Amino acid sequence: MTRFWVCVAGAGFFLAFLIFHSRFCASRLPLPLHFAFKISWRPEEALYRLDVDWPKYSEYFTGATFCVAVDSLNGLVYVAQRGDNIPKVLVFTEDGYFLRAWNYTVDTPHGIFAASTPHEQSVWITDVGSGLYGHTIKKYNSFGDLVQVLGTPGKKGTGLNPLQFDNPAELYVEDTGDIYIVDGDGGLNNRLIKLSQDFMILWLHGENGTGPAKFSIPHSVTVDSDGRVWVADRGNKRIQVFDKDTGEWLGAWNNCFSEEGPSAVRFTPDGKHLIVAQLNLSRLLLVAAPPVGSIGDCSVISTIQLADQVSPHLLDVSGKTGAIYVAEIGAKQVQKYVPVKSYFSSFGS
């Protein structure tokens, strides 16, 4: 028996093949023909696509873009960049139009978070600079006016009273006003701190190490709708999970990060997936969120492979559209990826 594997490209090609083969075999042994078809219709469908029109004008990116935050309530996107004699914070619309820039009291931004309510628009920035405003976490309004400073400006440290930071990496602010801070992008501290809305310490985990609730460069933090805090423990190549009320350690994921640790974590608006950035691999992972009561193992649903040396540092996700905004320190830009609606049918509803 003669068996042929055929990838069907079109009816015309297939018909021509049959005619040729029947004539070729007629002058030889009349063996019976049996075909086994391996049909390839199209490649795997992408779950996100690049929005090539965001922003409308990319020349506003004049430094290394370290972080990005989305104010979904007001349709704004904040980008913080580093460099000399440049605006440190850029403000765009979610449609990509540039609105304004500001620079007041920002030294060396690392992380940024937009925490807005119907009564207040606020932007929080972690500053790792060594100048007068470094080693702090600062709250601004949308126009760059300084509202609040956490930490000891210009002085790194490990103290809790008064509170001190050393290279604070990122923060996440809940609607209640509670704040989660990962402090220690290569500095003295490797800790996760929860503060109340009046800046009192509610709980913390603060020791360098590889065991549960210990960290090596905690780089990003987010909170899901089920009351769990997710920390990108970059140096340990894992994500650790905690109960947001008690600080209890719930588990860790490390099976997805054998090549490189996570640098950023954010959930999709429906809470079903976690978006994870891997800096040196220039890759984003779409990971299935586990059910309540079980952390289990990391399960990658899809990936977005960026260009070499793009280096996605931190990211944010629009709570309305599900779009991913990625701050790329290698490419010195922020790019926007929009979900394919056939897969994420609930986004934007």
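Thresholds, definitions, all that
Residues numbered from 1 in each chain as written. Predicted model: local features only at pLDDT ≥ 70, side-chain atom pairs only at ≥ 80, totals over all residues. Heavy atoms only, no water. Helix = DSSP H or I, 4+ residues; strand = E, 2+ residues; numbered from the N terminus. Polar contact = N/O pair within 3.5 Å; in protein donor to acceptor, adjacent residues only side chain to side chain. Contact = heavy atoms within 4.5 Å. Disulfide = S-S within 2.5 Å. Buried < 20%, exposed > 50% of the residue type's maximum accessible area, 1.4 Å probe, protein only. Phe/Tyr/Trp six-rings, centres within 6.5 Å; stacked < 30°, edge-to-face > 60°. Lys NZ or Arg CZ within 6 Å of the ring centre and 35° of its normal. UniProt positions renumbered as here; feature names shortened; annotations may be inferred. Core = buried A, V, L, I, M, F, W, Y, C linked by side-chain atoms within 4.5 Å. Salt bridge = Lys/Arg side-chain N within 4 Å of Asp/Glu carboxyl O. Pairing = 2+ DSSP bridges. Patch = residues over 30% accessible without salt bridge, like charges linked within 9 Å, V, L, I, M, F, W, Y side chains within 5 Å. Areas by Shrake-Rupley, 256 points an atom, 1.4 Å probe, with all protein chains shown as cover.

If you check an unreviewed UniProt entry, the chain appears there as NHL repeat-containing protein 3 from Tursiops truncatus.

Within the secondary structure, Thr105 sits in the loop between β7 (98-102) and β8 (109-114). Within the structure, Thr105 has its side chain in polar contact with the side chain of Tyr140 (distance 2.6 Å). What Thr105 contacts, discounting residues up to four positions off in sequence, is Asp127, Tyr133, Lys138, Tyr140 and Leu146.

So, about the state of the cysteines. For the structure shown, the criterion picks out one disulfide. Two residues share a disulfide in this structure: Cys256 and Cys298, whose sulfurs sit 2.0 Å from each other. Taking the sign of the S-S torsion, about -105° here, the bridge from Cys256 to Cys298 comes out left-handed. Residue Cys256 is found in the loop between β19 (249-253) and β20 (264-267), and its partner Cys298 is found in the loop between β22 (283-288) and β23 (300-305); the two are separated by 42 residues along the sequence. Residues Cys256 and Cys298 agree in their burial class; the two are buried.

Let us now look at the environment of Phe66. Position of Phe66 among the secondary structure elements: in strand β4 (residues 64-71). If we ignore the near neighbours within four places in the chain, the residues touching Phe66 are Ala80, Gln81, Arg82, Pro109, His110, His313, Leu314, Ala327 and Ile329.

Moving on: the packing of aromatic side chains. For the structure on display, the rule yields 14 aromatic pairs. Ring centres 3.9 Å apart and planes at 10° place the aromatic pair Tyr60 and Phe98 in the stacked group. In this pair, Tyr60 sits in the loop between β3 (48-50) and β4 while Phe98 sits in strand β7, placing the two residues 38 residues apart along the sequence. Take Tyr60: its relative accessible area is 31%, and that puts it in the partly exposed class. Residue class for Phe98 comes out partly exposed when judged on its relative accessible area of 27%. When the ring of Phe61 is compared with that of Phe92, the centres are 5.7 Å apart and the planes differ by 55°; the resulting orientation is tilted. Note that Phe61 is positioned in the loop between β3 and β4 and Phe92 in strand β6 (residues 89-93), a separation of 31 residues in sequence. Of the two residues, Phe61 and Phe92, both sit in the buried class. Grouped by ring-pair contacts, the aromatic residues Trp54, Tyr60, Phe61, Phe92, Phe98 and Tyr325 constitute a single cluster. For the cation-ring pair, Arg82 lies above Phe66, with the distance from its terminal atom to the ring centre recorded as 3.5 Å. Positioned above the aromatic ring of Phe143 is the side chain of Arg100, whose terminal nitrogen or guanidinium carbon lies 4.0 Å from the ring centre.

This brings us to the side chain of Asp316. Note that Asp316 resides in strand β24 (residues 312-317). Within the local environment of Asp316, its side chain forms a polar contact with the backbone nitrogen of Val70, the two atoms lying 2.8 Å apart. Separated by 3.2 Å, the side chains of Asp316 and Arg266 make a polar contact. Setting aside chain neighbours within four positions, we find Asp316 in contact with Val68, Ala69, Val70, Arg266, Ala323, Ile324 and Tyr325.

What follows is about the UniProt feature "repeat: NHL" (unreviewed entry) in the chain. Look at the UniProt record and you will see "repeat: NHL" (unreviewed entry) annotated at residues 206-245. Spanning residues 206-245, this segment combines 0% helix with 45% strand, and its end C-alpha atoms are found 17 Å apart.

What follows is about the nonpolar core. Ranked by size, the top nonpolar core spans 32 residues in total, and within it Tyr48, Tyr78, Ile112, Ile125, Leu315 and Ile324 carry the most contacts. Top contributing element to this core by residue count: β4, with four residues. Ranked by size, the runner-up nonpolar core spans 26 residues in total, among them Phe113, Leu171, Ile179 and Val221.

This paragraph deals with the pattern of salt bridges. On inspection of all chains with the given rule, the structure shows 13 salt bridges. One salt bridge connects Lys336 with Asp51, and the closest N-O pair in it is separated by 3.8 Å. You can see Lys336 sitting in strand β26 (residues 333-339) and its partner Asp51 sitting in the loop between β3 and β4, a full 285 residues away along the chain. With respect to class, Lys336 is no different from Asp51; both count as buried. The salt bridge involving Arg266 is made with Asp316; its shortest N-O contact spans 3.2 Å. Within this pair, whereas Arg266 is found in strand β20, its partner Asp316 is found in strand β24, the two being separated by 50 residues in sequence.

With that settled, consider the pairing of strand β11 (residues 146-150). Relative to β11, strand β10 (residues 136-141) runs antiparallel, the two sharing four bridges. Residue pairing in the sheet places Lys138 in a bridge with Val149 of β11.

Judged by side-chain polarity, Tyr104, Leu146 and Val149 come together as a nonpolar surface patch covering roughly 250 Å² of accessible area. In this fold, Val149 is placed in strand β11.

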